[in-house]
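Coordinates in review
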Amino acid sequence: MNKLLVENTDGGSVAVHVKNVIIGGKEKVVISGPCAVEDYDIMISIARKLKKLGVDIIRGGAFKPRTSPYSFQGLENEGLKILKKIGEEVGMPVISEIMDTRDVEGCYNYIDMIQIGSRNMYNYSLLKEVGKTNMPILLKRGMSATIEEWLYAAEYIMAEGNKSVVLCERGIRTFETYTRNTLDLNAVALIKERYRLPVIVDPSHGTGIRELVTRMSLAAITAGADGLEIESHIVPDEAMSDAAQTISMETLKTIIQNVKKLNIDFS
Ligand code: PEP
Ligand code: MN
């Protein structure tokens, strides 16, 4: 097999820049916001809080890959427009999931980082398409993907020329049913040891239960993660999607304060 681009050949890891935010550098990066962009007023009030708490990048889904076709599918292009507006107003980068190759080109004007969701990790046409851009990409692990398949998905993007790839562990399907997914922190430790890409953790989809998010966030950082992607809302119970795993601004504050206290030397 040829040497892969994701392999750590020279002991150096890659840092990915999203505007002024560096993922994979010294500082842990926190991406947060609601599962879905709901409307401008809710989004701007969330964004202002996130800014105050020291969150680095705002998340919000515009195209939502829901299990049921009858569930809220997101505001689509209108959602991207809202994200752009609030990103400019609060002065923070924004990330959103793109699901369709036809939406890749247009999204440059609205968002600063493209999220490839778990359901699309195997969508090789989409991976190739985002590989042709120079946008930073957050590649979530497929819910039943092995680490090898996930790394090859990253390789698909990088082979097209785009080396700005950040991996995101978001839990995998196992026989366990008490939690939505099983957060595989082995994957984080292994990628940090052997591969060159930054890796962050999504404890929201990783657990599906908001009460578990603080502990699993801190466990993720302790395992070596470069950051976190966490679903949060000003009124978590009223979130239009994934309410059960969405945390309050107060909980997010606690997580950020505790992440700052962790200073682990892995060398
Ligand atoms: C999300 O981040 O909102 C999302 C849909 O995540 P995943 O693709 O990991 O299910
Ligand atoms: Mn979600």
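What you see is a predicted model; the values in this text were computed from it and never measured.

On to the overall build of the chain, then. In terms of helices and strands, the chain carries nine helices and 10 strands. Projected onto its principal axes, the C-alpha coordinates of the chain cover approximately 50 × 40 × 40 Å. In the chain, which comprises 267 residues, the share counted as buried stands at 54%. Once local pairs closer than 6 in sequence are excluded, the contacts in the chain between residues at least 24 apart make up 69%. For the chain, the computed accessible surface area is about 12300 Å², with 49% contributed by carbon and sulfur atoms. Side-chain charges of the chain comprise 32 positive and 35 negative groups, with the mean position of each set lying 3 Å from the other.

Now for the side chain of serine 232. With respect to the helices and strands, the residue serine 232 is situated in the loop between strand E10 (227-231) and helix H9 (249-261). Judged by its relative accessible area of 0%, serine 232 falls in the buried class. Only 2.8 Å separates the side chain of serine 232 from the side chain of serine 32, close enough to count as a polar contact. Among residues more than four places away in sequence, those in contact with serine 232 are Ser32, Gly33, Pro34, Leu50, Thr246, Ile247, Met249 and Leu252.

We now examine the pairing of strand E6 (residues 113-116). Neither face of E6 is exposed, since Met113 and Gln115 on one face and Ile114 and Ile116 on the opposite face are all buried. Here strand E5 (residues 94-97) runs beside E6; their pairing, made up of three bridges, is parallel. When the sheet's bridge partners are listed, isoleucine 95 is paired in E6 with methionine 113. Direction of pairing for E6 relative to strand E7 (residues 137-140): parallel, over a ladder of three bridges. Considered in E7, the bridge of isoleucine 114 is made with isoleucine 137. The parallel pair E6 and E7, bridged by helix H4 (residues 124-131), forms a crossover whose chirality is right-handed.

What counts, and where the lines are drawn
- Residues numbered from 1 in each chain as written.
- Chains lettered and ligands numbered in written order.
- Predicted model: local features only at pLDDT ≥ 70, side-chain atom pairs only at ≥ 80, totals over all residues.
- Heavy atoms only, no water.
- Helix = DSSP H or I, 4+ residues; strand = E, 2+ residues; numbered from the N terminus.
- Buried < 20%, exposed > 50% of the residue type's maximum accessible area, 1.4 Å probe, protein only.
- Contact = heavy atoms within 4.5 Å.
- Areas by Shrake-Rupley, 256 points an atom, 1.4 Å probe, with all protein chains shown as cover.
- Lys, Arg positive; Asp, Glu negative; His and termini not counted.
- Charge placed at Lys NZ, Arg CZ, Asp CG, Glu CD.
- Polar contact = N/O pair within 3.5 Å; in protein donor to acceptor, adjacent residues only side chain to side chain.
- Pairing = 2+ DSSP bridges.
- Right-handed = clockwise from strand over helix to strand, strands pointing away.

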